[in-house]
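Take a look at the letters that make up each chain.
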Amino acid sequence: MPYQTFETEHRVRPDDIDMFNHVHNSKYFDYVLAARYDQMIQFYGMGMDKFMELGFGWLVRTVQMDFKRALKMNDYFLVRTGIVSIDEKMCRVQFAIVNKATNKVSCDGWFDFVMVELSTGKGVPIPPYVIEHYAK
């Protein structure tokens, strides 16, 4: 089943920079989550607020990040994400963070997300209607 890839543009901020004068590795995690949050609303029409209204949330289960090139102060970059697979157990989202000026990948990898019921904090199967909606 083919899934779409979406793109969000960001800019490196001063508070993203570490003592080595480039983006701290933990910020890449934040970049992907921020882009994905926006993309859920903009491209799927079903953002986190909708899931929360339904009593659900998404938690990160596993992350794989491969750092290739540093981003630096004021760099503009693109966060490209797309679902690789989604079933009742989890949703895998791949990503690439690309320096806009050089068109080279700074970091890529994937996230595994699981669904939890907010009232209990326990994992639950991803409902079929969510799988269908996000598989578009």
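Residues numbered from 1 in each chain as written. Predicted model: local features only at pLDDT ≥ 70, side-chain atom pairs only at ≥ 80, totals over all residues. Heavy atoms only, no water.

Engineer: Talk me through the environment of Gln64; I want residue IDs and the actual numbers.
Structural biologist: Following the sequence through the fold, Gln64 ends up in strand E2 (residues 56-67). C-alpha separation for the pair Gln64 and Phe95, spaced 31 residues apart in sequence, amounts to 9.9 Å. The residues contacting Gln64, other than those within four sequence positions of it, are Phe95, Asp108, Gly109 and Trp110. (Helix = DSSP H or I, 4+ residues; strand = E, 2+ residues; numbered from the N terminus. Contact = heavy atoms within 4.5 Å.)

Engineer: So, the side chain of Arg36: which residues are in play, and what are the values?
Structural biologist: Within the fold, Arg36 resides in helix H1 (residues 25-44). At 2.9 Å, the side chain of Arg36 and the side chain of Thr81 are in polar contact. When neighbours within four sequence positions are excluded, Arg36 is seen to be in contact with Phe6, Tyr44, Thr81, Gly82, Ile83, Val93 and Tyr134. (Polar contact = N/O pair within 3.5 Å; in protein donor to acceptor, adjacent residues only side chain to side chain.)

Engineer: Let's hear about unusual backbone geometry: which residues, and what values?
Structural biologist: The backbone phi angle of Asn74 is positive, close to 70 degrees, even though this residue is not glycine. Here Asn74 lies in the loop between E2 and strand E3 (76-86). Positive phi outside glycine occurs at Asn103, with the angle close to 60 degrees. With respect to the helices, strands and loops of the structure, Asn103 is situated in the loop between strand E4 (91-99) and strand E5 (104-117).

Engineer: Would you mind going over the side chain of Asp16 in detail, with residue names and values included?
Structural biologist: Here Asp16 shows up in the loop between strand E1 (5-11) and H1. Looking at Asp16, the relative accessible area reads 4%, which means it is buried. Filtering out sequence-adjacent residues up to four positions away, Asp16 remains in contact with Arg11, His22, Val23, His24, Lys27 and Tyr31. (Buried < 20%, exposed > 50% of the residue type's maximum accessible area, 1.4 Å probe, protein only.)

Engineer: Tell me what's going on with the nonpolar core, and back it up with residues and numbers.
Structural biologist: With 32 residues, the main nonpolar core has Tyr31, Phe51, Trp58, Ile97 and Tyr134 as its most contacted residues. Aside from chain neighbours lying at most four places away, what touches Ile97 is Tyr28, Tyr31, Val32, Leu71, Phe77, Leu78, Val79, Lys104, Val105, Ser106 and Cys107. (Core = buried A, V, L, I, M, F, W, Y, C linked by side-chain atoms within 4.5 Å.)

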